[in-house]
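Coordinate inspection notes
Listed here are the chains, written in short residue letters.
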Amino acid sequence: MFKAIIINKTEQGQTVQLSSTKDSDLPQGEVTVDVAWSSLNYKDALAITGKSPVVRSFPMVPGIDFAGVVSDSSNLSFIEGDRVLLNGWGVGEKHWGGFSEKARVNSYWLQSLPKEISMRRAMAIGTAGYTAMLCVMKLEDMGVTPEKGVVLVTGASGGVGSVAVLLLSKLGYQVCAVTGKKPEANYLMDLGAQSVIDREELYEPSRPLNKERWAGAIDVVGGKLLANVLSSIRYRGGVACCGLAGGMDLPSSVAPFILRGVTLAGVDSVQCPKDIRQEAWRRLAMDLDLNKLDAMTTEVPFEDIIEVAPQMLEGKVKGRIVIPISSRLG
């Protein structure tokens, strides 16, 4: 028997509880992993609270991330004792995820943990940090380099935003952080932001083209805020967009794209090809200040995650949350 958070659906609605289950309940997969650490992401909070239809089948174990040790494998790519991690691939949505002491998954979804990163730190990075790295790589692909000017990061006190600020500052970019939480300004400056602005500034009425302010941006919000960001991107700049916390609409125009040559690039972390994932994690091991990562990480007990999830949706959580599942493993 092992413990797992299990989401079920009844006629009365969704139920979520930490339960005991058995190996035979695990879904099909080539590799079984003893989970050491997981992390709480925005999508996990949506799944646990039922605020959005993230979960596609029931019963479901949430948790889109995990790191652990292989305990059994029928695929030669992994053997017993290998340290592995997983991000995305529909795990925690369509396939049992990481809020469990054991996971059984498709071998292709796993990747070896970089030797420079502990399992705890891998989950402090998690999907949020890995997505932030994908966004940085996308900016680089668009030619947004440090000498081009200031890069804006929206939702900067959240998981993706915090790691994005860390990465960009370490790589030599000037970073302007956007947050709706004024008390977090010092936190963001400590991460490496040179300036902090209130997000309300980006919700003011906007024209199709505003004054050119930023060489590029990483946006996790979408909606009207993204439209205002696009209107202020410098000539041939770019925006890497990976979130829609502010809504799915984009009340913008074609003006930034055809008059300034601005690029809006979407970043997907769930189905991202394996070679790009591996490069992102290689870069994270090299480009991320792990000591600052530790400083922005909070550890929450496994049994408390159900209570903490709503706080994330209410904007009461900053940085990254890691969950010791079986931390004795490393």
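Placed above this text is the structure.
Treat the numbers as computed from the prediction; the structure is a model and nothing was measured. All chains use their own residue numbering, which begins from 1 and follows the written sequence. Per-residue local features are limited, in this predicted model, to residues with pLDDT of at least 70; the limit for side-chain atom pairs, both in listing and counting, is 80 or more; totals at the level of whole chains, interfaces and linings are taken over all residues. Only heavy atoms go into the side-chain values, all of them from the structure, while hydrogens and water stay out.

As a further point, take the overall build of the protein. Strands here mean DSSP runs of E at least two residues long; helices mean DSSP runs of H or I at least four residues long; both are numbered from the N terminus. Across its full length, the protein carries nine helices and 15 strands. Throughout, radius of gyration means the C-alpha value; the globule benchmark is 2.2 Å times the number of residues raised to the power 0.38. Over its C-alpha trace the protein gives a radius of gyration of 20 Å, about what one expects of a compact globule, namely 20 Å for 330 residues. With respect to the three principal axes, the spread of C-alpha positions in the protein is 60 × 45 × 35 Å. Each residue's exposure class comes from its accessible area (1.4 Å probe, protein chains only) as a fraction of the maximum for that residue type: buried when under 20%, exposed when over 50%, partly exposed otherwise. Scored against the burial criterion, the 330 residues of the protein give a buried share of 54%. For the protein, the computed accessible surface area is about 14200 Å², with 49% contributed by carbon and sulfur atoms. Here Asp and Glu are counted as negative and Lys and Arg as positive; His is not counted, and neither are the chain ends. Each charge is placed at NZ for Lys, CZ for Arg, CG for Asp and CD for Glu. Taken as two groups, the 35 positive and 36 negative side-chain charges of the protein have centres that lie 5 Å from each other. Per-residue accessibility takes into account occlusion by the displayed protein chains alone, with areas from the Shrake-Rupley method and a 1.4 Å probe.

In a beta sheet, neighbouring strands are held together by backbone hydrogen bonds and run either parallel or antiparallel to one another. Between any two strands, pairing holds if DSSP finds at least two bridges. Strand order in the open sheet made by the six strands is 10-9-8-11-12-13, with parallel pairing throughout. The open sheet is flanked by strand 10 (195–198) and strand 13 (263–266), the only strands paired with a single partner. When strand polarity is set aside, the average angle formed by the axes of neighbouring strands in this sheet is 20°. Both strand 8 (residues 151–153) and strand 9 (residues 175–179) contribute to a ladder of three bridges, which runs parallel. Residue valine 151 lies in a different strand from strand 9, and its bridge partner there is valine 175. The contact rule is simple, with two residues in contact once any of their heavy atoms fall within 4.5 Å. Every angle, taken between N-to-C directions, lies between 0 and 180 degrees, and every axis is a line fitted to C-alpha atoms, over only the stretch in contact when it is a helix. Each of strand 8, strand 9 and strand 11 (214–219) touches helix 3 (residues 159–170); the most contacted strand, strand 8, lies at about 160° to it. Its contacts with the sheet place helix 5 (residues 223–231) against strand 8, strand 11, strand 12 (233–241) and strand 13, and it is angled at close to 150° to strand 12.

Before going further, it helps to examine the packing of helix 2 (residues 119–141) against helix 3. Running from amino to carboxyl end, helix 2 crosses helix 3 at an angle of 50°, the nearest separation of the two axes being 8 Å. Here helix 3 runs oblique to helix 2, going by the angle between their axes. Crossing of helix 2 against helix 3: the hand is right-handed. On the side of helix 2, the interface is formed by Ala128, Gly129, Thr131, Ala132, Met133, Val136 and Leu139, while helix 3 contributes Gly159, Val160, Val163, Ala164, Leu167 and Leu168. Looking at the contact of helix 2 with helix 3 residue by residue, the class counts come to 10 nonpolar, three polar and no charged. In these notes the angle categories are as follows: under 35 degrees is roughly parallel, over 145 is roughly antiparallel, 65 to 115 is roughly perpendicular, and the rest is oblique. By definition, turning the near helix anticlockwise from the far helix through less than a right angle yields a left-handed crossing, and turning it clockwise yields a right-handed one. Asp, Glu, Lys and Arg are counted as charged, while Ala, Val, Leu, Ile, Met, Phe, Trp, Tyr, Cys and Pro are counted as nonpolar; the rest, among them Gly, fall into the polar class.

What follows covers the state of the cysteines. Whenever a pair of cysteine sulfur atoms sits within 2.5 Å, that pair is classed as a disulfide. All told, the structure shown has zero disulfides when counted by the stated rule. In this model cysteine 135 remains outside any disulfide bridge; the closest cysteine sulfur is found in cysteine 242, 3.7 Å from its own.

This part is about a nonpolar patch on the surface. Exposure above 30% relative accessible area and the lack of any salt bridge qualify a residue for a patch; like charges then connect within 9 Å, and the nonpolar side chains Val, Leu, Ile, Met, Phe, Trp and Tyr within 5 Å. Throughout this description, the term salt bridge denotes a Lys or Arg side-chain nitrogen within 4 Å of a carboxyl oxygen of Asp or Glu. A contiguous nonpolar surface patch, about 330 Å² in accessible area, is contributed by Val254, Ile258 and Leu259. Residue position: isoleucine 258 is located in helix 6 (residues 255–259).

We define the nonpolar core as a collection of buried residues of types Ala, Val, Leu, Ile, Met, Phe, Trp, Tyr and Cys that are connected through side-chain atoms lying within 4.5 Å of one another. Core analysis: the largest hydrophobic core is formed by 72 residues, its most contacted members being Leu152, Leu168 and Leu288. Membership of the second largest hydrophobic core comes to 41 residues, among which are Ile7, Ile48, Val54 and Val61.

Here glycine 143 shows up in the loop between helix 2 and strand 8. Residue glycine 143 is classed as partly exposed on the basis of its relative accessible area, which comes to 27%.

One way to put it is that helix 1 (residues 42–49) packs onto helix 9 (residues 305–313) with a least axis distance of 8 Å and a crossing angle of 115°. Taken together, helix 1 and helix 9 sit at an angle that is classed as roughly perpendicular. Seen along the crossing, helix 1 lies across helix 9 with a hand that is left-handed. Mapping the contact onto sequence places Tyr42, Ala45, Leu46, Ile48 and Thr49 in helix 1 and Ile305, Ile306, Ala309, Pro310, Met312 and Leu313 in helix 9. Residue composition of the contact of helix 1 with helix 9, grouped by class: 10 nonpolar, one polar and no charged.

Below, the discussion takes up the packing of aromatic side chains. The rule is short: rings of Phe, Tyr and Trp, with Trp giving its six-membered ring, pair when the centres are within 6.5 Å, and they are stacked under 30 degrees, edge-to-face over 60, tilted in between. A full pass over the atoms with the stated rule returns one aromatic pair. When the NZ atom of lysine or the CZ atom of arginine is within 6 Å of a ring's centre and also within 35 degrees of its normal, the charge is said to sit over that ring. Stacked on the ring of tyrosine 108, the Lys or Arg lysine 274 has its end atom at 5.1 Å from the ring centre.

Before going further, it helps to spend a moment on the environment of alanine 193. Inspection of the secondary structure assignment puts alanine 193 in the loop between helix 4 (185–191) and strand 10. Owing to a relative accessible area of 6%, alanine 193 belongs among the buried residues under this scheme. Remark: the alpha-carbon pair of alanine 193 and isoleucine 276, spanning 83 residues in sequence, is separated by 27 Å. With residues up to four places along the chain from it excluded, the contact list for alanine 193 reads Val165, Val175, Ala177 and Leu188.

Don't take any of this as a statement about function, it's just geometry.
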